[in-house]
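Now for the letters of each chain:
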Amino acid sequence: MVSTSTQHNLVMMLAMFTAISTKSCKAFTGSASHQALVKNRFGRPSSMSLLSTGGGRVSSAVQDKEMLDKTSKSSGKTKRERLDTNPPKGTRDFFPEDLRMRNWLFTEWREVAATFGFSEYDSPVLENESLYTRKAGEEVTQQLYSFEDKGGRRVSLRPEMTPSLARMVMSKKGGLPMPLKWFSLPQCWRYERMTRGRRREHYQWNMDVWGIPGIEAEAELLSAMVTFFENVGLNSGDVGIKVNSRLVIGEVLSSLGIPEEKFAATCVLVDKLEKVPIDAIQGDLEELGLDQAVVEQLLTVLTNNSVEAISEVLGPDSAAVKELEQLMTLAESYGIADWILFDASVVRGLAYYTGIVFEAFDRKGELRAIAGGGRYDKLLETFGGEPTPAVGFGFGDAVIVELLKERHVLPTFESSGVETVVFALNEDLYGAAIQTASTLRKAGLKVDLIMEDKRPKWVFKYADRLKANHVVLVAPDEWSNGEVSIKDLARGEQVSIEVSALADWASSEMTK
């Protein structure tokens, strides 16, 4: 037990502590610090400010009544820079409708390649820069998206696919069976001036034949190209294919005393004449030893537009003339002669071409080249390999789409591909809707299941926007009877079908 004197002492101590605490509280509630703290977040005094006020020491910081405002302003949110929603200049986003168009084009290309017995391949979009830096004045070497990686290696996004193909063939050290017939659909990158149908990135259909030295390979490729044009609704009145041979220029230069090692560089410069006047490249031609008289004679030859006319210039024994005559004969056999015309001015701008070159063009002359290619028998040799006969073409995605739009033969791609929309009329039937959608999907239909609580009016508008064929309604009465309702959106008819017969119904829809 505690003694009486001890109890008295405890009571006295408690009374003293209470008096001290009350005084301190009054001092604080009267201070500027307290007044600042008791204001609510809207800046109005709270109920705590109704407490009695009194004296007390406060710091200079507390006495500054604007301290909180100053702090708030200095720690406010920094205005963020608005995101630029455009893709990098010269590139594209592919929204669903755009991607459906691209997939359609790729499918058309793949089907033609398969029809002609070609196998698909691919390579990295990033390659060693040295693969493209040939010393022949080609524009492509100045258009590379190249950089040094973190390992100190010079690399580049591929501007074209043929060098990658050559690298792949070389990597097998002669182990690939010939002839080789491969195709690819690469994305290519070039930093160049943009015009209609020309971007800084594009997809390209490449078809190449390796191991066949004869002109038969060129004719097969030209036939594949024409087959694609016909498949997408174009004819020889829409598109033509100009053909020539690098041998034509070679024979003219040789007769003028120009050494063979300058032929490729000369062809690269001649190809630029389609874009710039002769004066713009006169200096480059003179550096090659081509004086004005030589250039004028060369340009005279390039104005010929028939094999017969070029035969009169080069003579009937010309290898170039014989090659061109054979190609025209094969074109007759393929039934594509009305697509093909000779044009001596077509030389193509890549230095590695060695023989026949060709270029598909818009007959109306409104668009740039649609596709182009040629023979490149010495490409492997430039990389240190053995000369191997090869020919191929590249066919970009941008120009052909523009042409199909111009001719009004490009399909529409508004439809999402969804065939049936399934939805439950109430939340309790969502599990039943899942079962219904699963049954239809397993049967092969493309089905969109409504995963939210929506009104029927919204669902039908949504299905119409998707261009769907049917809406399947999972309703209480029908489901209790083992049925669902199916509405044909085109006819406006609605029928009830037993759940057990859904798979058969789906199969019948797929055969329509």
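For clarity, every value in this text was computed on a predicted model and none was experimentally measured.

Overview of the packing of helix α7 (residues 216–231) against helix α13 (residues 319–334)
Piece 1. The contact between α7 and α13 brings their axes to 10 Å, and the two run at 40°. Between α7 and α13, the angle is such that the two are oblique. The chirality of how α7 crosses α13 is right-handed. Within the contact between the two elements, α7 uses Glu216, Glu218, Ala219, Glu220, Leu222 and Ser223 and α13 uses Gln326, Leu327, Leu330 and Tyr334.
Piece 2. Split by residue class, the contact of α7 with α13 holds five nonpolar, two polar and three charged.

As for the pairing of strand β15 (residues 470–474)
Piece 1. The element β15 is extensively covered by neighbouring structure, given that five of its five residues are classed as buried.
Piece 2. Side chains of β15 alternate between two faces, with His470, Val472 and Val474 and Val471 and Leu473 buried alike.
Piece 3. Relative to β15, strand β13 (residues 420–424) is paired through five bridges, and the arrangement is parallel. When the bridges of β15 are listed, Phe423 appears paired with Leu473.
Piece 4. As defined by bridge partners, β15 adjoins strand β16 (residues 483–488) across four bridges and the pair is classed as antiparallel. Bridge pairing in β16 links Leu473 to Ser485.

Focus on the pairing of strand β17 (residues 493–498)
Piece 1. Taken together, the six bridges between β16 and β17 define a ladder with antiparallel strand orientation. Counted as the bridge partner of Ser485 is Ser496 from β17.
Piece 2. Where β16 hands over to β17, the hairpin turn is made up of four residues, of which Gly492 adopts a positive phi near 80°.

Quick notes on the nonpolar core
Piece 1. Among the nonpolar cores identified, the biggest contains 76 residues, and Trp205, Phe228, Phe229, Phe395 and Ile400 are the most heavily contacted of them.
Piece 2. The greatest single-element share of this core, amounting to nine residues, is contributed by α7.
Piece 3. Contact partners of Ile400, with chain neighbours within four places excluded, come to Leu105, Trp109, Phe228, Phe229, Leu234, Ile370 and Phe395.
Piece 4. Counting 18 residues, the second-largest nonpolar core is a separate cluster that includes Ala433, Val472, Val474 and Trp505.

Details of the packing of aromatic side chains
Piece 1. Overall, the coordinates contain 19 aromatic pairs when judged by the stated rule.
Piece 2. An angle of 35° between the planes, with centres 5.3 Å apart, marks the rings of Tyr121 and Trp182 as tilted. Linking Tyr121 in the loop between β1 (119–120) and β2 (126–128) with Trp182 in strand β5 (residues 180–184), this pair joins segments that are 61 residues apart in sequence. A single burial state applies to Tyr121 and to Trp182, both of which are buried.
Piece 3. Measuring from ring centre to ring centre gives 5.5 Å for Phe229 and Phe395, while their planes differ by 45°; the resulting arrangement is tilted. Of this pair, Phe229 sits in helix α7 while Phe395 is found in strand β12 (residues 390–396), placing the two residues 166 residues apart along the sequence.

Here we look at the packing of helix α5 (residues 96–115) against α7
Piece 1. Two elements in contact, α5 and α7, have axes separated by 10 Å at closest approach and are oriented at 135°. Considering their axes alone, α5 and α7 lie oblique with respect to each other. Considering only the axes of α5 and α7, their crossing is right-handed. On the side of α5, the interface is formed by Leu105, Glu108, Trp109 and Val112, while α7 contributes Ala224, Thr227, Phe228 and Asn231.

Brief notes about the sheet that holds strand β4 (residues 154–157)
Piece 1. As summarised here, the arrangement of the three strands in space is β2-β4-β3, forming an open sheet in which the pairing is antiparallel. Lying at the two open borders of the sheet, with one neighbouring strand each, are β2 and β3 (145–148). Neighbouring strand axes in the sheet, compared pairwise and without regard to direction, differ in orientation by 35° on average.
Piece 2. Both β3 and β4 contribute to a ladder of four bridges, which runs antiparallel. Bridge assignment links Ser146 to a residue of β4, and that residue is Ser156.

Focus on the sheet that holds β13
Piece 1. Ordered in space as β14-β13-β15-β16-β17, the five strands form an open sheet in which the pairing is mixed. Sheet topology places β14 (447–449) and β17 at the edges, where each strand pairs with a single neighbour. Direction aside, neighbouring strands of the sheet carry axes that sit 25° apart on average.
Piece 2. Against the sheet, helix α16 (residues 430–442) contacts β13, β14, β15 and β16, and its axis sits at roughly 170° relative to β14.
Piece 3. Packed on one face of the sheet, helix α19 (residues 502–510) meets β13, β15, β16 and β17 and runs near 20° to β16.

Side note on the side chain of Arg102
Piece 1. Turning to its location among the elements, Arg102 is positioned in helix α5.
Piece 2. Of the side chains with opposite charge, Asp397 lies nearest to the buried Arg102, which makes no salt bridge, at 6.6 Å.
Piece 3. Apart from the residues lying within four places of it in its own chain, the contact partners of Arg102 are Phe94 and Tyr203.

Conventions adopted
- All residue numbers refer to positions counted from 1 along the written sequence of the respective chain.
- Where local features are concerned, this predicted model is filtered to residues with pLDDT of at least 70; where side-chain atom pairs are given and counted, the filter is 80 or more; whole-chain, interface and lining totals use all residues.
- Calculated side-chain values reflect all of the structure's heavy atoms, with hydrogen atoms and water omitted.
- Inter-axis angles, ranging from 0 to 180 degrees, are taken between N-to-C directions of lines fitted to C-alpha atoms, where helices are fitted over the stretch in contact.
- Numbering goes from the N terminus for both helices and strands, where a helix is a DSSP run of H or I of at least four residues and a strand is a run of E of at least two.
- Angles below 35 degrees are treated as roughly parallel, those above 145 as roughly antiparallel, those between 65 and 115 as roughly perpendicular, and all remaining angles as oblique.
- We call a crossing left-handed when the near helix sits turned anticlockwise from the far one by less than a right angle, and right-handed when that turn is clockwise.
- Here, two residues are considered to be in contact whenever any of their heavy atoms come within 4.5 Å of each other.
- Side-chain classes are defined by residue name, with Ala, Val, Leu, Ile, Met, Phe, Trp, Tyr, Cys and Pro counting as nonpolar, Asp, Glu, Lys and Arg as charged, and the others, Gly among them, as polar.
- Relative accessibility under 20% of the residue-type maximum defines a buried residue, over 50% an exposed one, and the middle range a partly exposed one, all with a 1.4 Å probe and only protein chains included.
- Strands are labelled as partners when DSSP assigns at least two bridges between them.
- By nonpolar core we mean a set of buried residues, namely Ala, Val, Leu, Ile, Met, Phe, Trp, Tyr and Cys, connected to one another through side-chain atoms within 4.5 Å.
- We call Phe, Tyr and Trp rings a pair once their centres come within 6.5 Å, taking the six-membered ring for Trp, and we label the pair stacked below 30 degrees between planes, edge-to-face above 60, and tilted otherwise.
- By the counting scheme adopted, Arg and Lys are positive, Glu and Asp are negative, and His together with the chain ends is not counted.
- The rule for a salt bridge is simple: a side-chain nitrogen of Lys or Arg has to be within 4 Å of a carboxyl oxygen of Asp or Glu.

By themselves, these observations are geometric and do not establish any function.
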